[in-house]
Amino acid sequence: MFDTVVIATDGSGSAERAVEAALDLAAHFDATVHALYVVDSGEVDATPEEVREELERALATTGGRALSFVRETAAAEADDDVVTAVRQGDPADEICQYAVDHGADVVATGTRGRHGEHGFLLGSVAEEIVRQAPMPVLSVRQLEGEANPEREAV
């Protein structure tokens, strides 16, 4: 039923739960797993020029950690076959386009990302993916009281 699963990750606690759920789903169907991190170009462009380079480095580090988490979690579950990618642009647009480009059968995403409580606002990345994606979207929420590593690091 599912041959290709795309996991959209930003390294947040909610995304980590989505990774685990998506890997379980992929294992059940012996599907190929793609992990995608998107550098939000709008966030970068809105940053004052004097700190833009530092923000880009921080986002690249966060993306590397998020993708490493997917690879390590997959390896621990005996599934070493994870394709990783980084894109830059509008996160929802890039995730949906990546999923279409790679023939994804499902996209997995957390419901609350690096922006925490702002995820409840209309226009959040998860909501936009649900609205735009032509394939099913598995949205996984962060459990109440569960730590969010991204927010703890701030």
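Per an unreviewed UniProt entry, the chain carries the name Universal stress protein and comes from Haloarcula rubra. One UniProt comment on the chain, placed under Sequence similarities (unreviewed entry), says "Belongs to the universal stress protein A family."

## Quick notes on the sheet that holds strand β2 (residues 32-40)
By definition, the strands of a sheet pair up through backbone hydrogen bonds, in either a parallel or an antiparallel sense. Read across the open sheet, the 5 strands follow the order β3-β2-β1-β4-β5; overall the sheet is parallel. In this open sheet, the two edge strands, each paired with only one partner strand, are β3 (82-89) and β5 (137-140). Taken over all neighbouring pairs, the strand axes of this sheet differ in orientation by 20° on average, direction set aside. Sheet topology note: the strand β1 (residues 4-8)/β2 ladder contains 5 bridges and is parallel. When the bridges of β2 are listed, Val5 appears paired with Val33.

## Re helix α4 (residues 91-101)
Listed as buried for α4 are Pro91, Ala92, Ile95, Cys96, Tyr98 and Ala99. An end-on view of α4 places all buried positions within 160° of arc, on one side of the element. Against the buried residues of α4 lie β1, β2, β3, β4 (106-110) and α5 (125-132).

## Describing the pattern of salt bridges
Any two side chains of opposite charge can pair, given that their charged atoms come close. The final tally for this structure, using the stated rule, is 4 salt bridges. For Arg87, the salt bridge identified is with Glu94, shortest N-O distance 3.6 Å. Classification of Arg87 as partly exposed rests on a relative accessible area of 22%. Residue Asp101 pairs with Arg87 through a salt bridge whose shortest N-O separation is 3.4 Å. One end of the pair, Asp101, is in helix α4; the other, Arg87, is in strand β3, and 14 residues separate them in sequence. A residue is classified by how much of its surface remains accessible, and Asp101, at 45% relative accessible area, is partly exposed. Each of Arg87, Glu94 and Asp101 takes part in one network of salt bridges that share partners.

## Digging into the packing of aromatic side chains
Applying the stated criterion across every chain yields a total of 1 aromatic pair. Look at Phe2 and Phe29: their rings are 5.1 Å apart centre to centre, the planes differ by 90°, and that puts the pair in the edge-to-face class. Residue Phe2 is located in the segment before β1, and its partner Phe29 is located in helix α1 (residues 13-29); the two are separated by 27 residues in the primary sequence. Phe2 gets classed as buried once you look at its relative accessible area, which sits at 13%. Its relative accessible area of 27% is what places Phe29 among the partly exposed residues.

## Section: helix α3 (residues 49-76)
The terminal C-alpha atoms of α3 lie 41 Å apart, and with 28 residues this matches the ideal 40 Å at 1.5 Å per residue to within 8%. Just past α3, the residue Ala78 takes up positive phi, approximately 65°.

## Describing the nonpolar core
Of all hydrophobic cores here, the largest spans 22 residues; its most connected members are Val5 and Ile7. At 6 residues, the largest contribution of residues to this core is made by α3. Residues within four places of Ile7 in sequence aside, it is in contact with Val19, Ala22, Leu23, Val33, His34, Ala35, Leu36, Val70 and Ala108. Within the second largest apolar cluster, 15 residues are counted, among which are Val6, Ala8, Leu36 and Ala133.

The rules behind these values
Residues numbered from 1 in each chain as written. Predicted model: local features only at pLDDT ≥ 70, side-chain atom pairs only at ≥ 80, totals over all residues. Heavy atoms only, no water. UniProt positions renumbered as here; feature names shortened; annotations may be inferred. Pairing = 2+ DSSP bridges. Helix = DSSP H or I, 4+ residues; strand = E, 2+ residues; numbered from the N terminus. Axes fitted to C-alpha atoms, helices over the stretch in contact; angles between N-to-C directions. Buried < 20%, exposed > 50% of the residue type's maximum accessible area, 1.4 Å probe, protein only. Arc of directions from axis to C-beta. Contact = heavy atoms within 4.5 Å. Salt bridge = Lys/Arg side-chain N within 4 Å of Asp/Glu carboxyl O. Phe/Tyr/Trp six-rings, centres within 6.5 Å; stacked < 30°, edge-to-face > 60°. Expected span 1.5 Å × (residues − 1). Core = buried A, V, L, I, M, F, W, Y, C linked by side-chain atoms within 4.5 Å.

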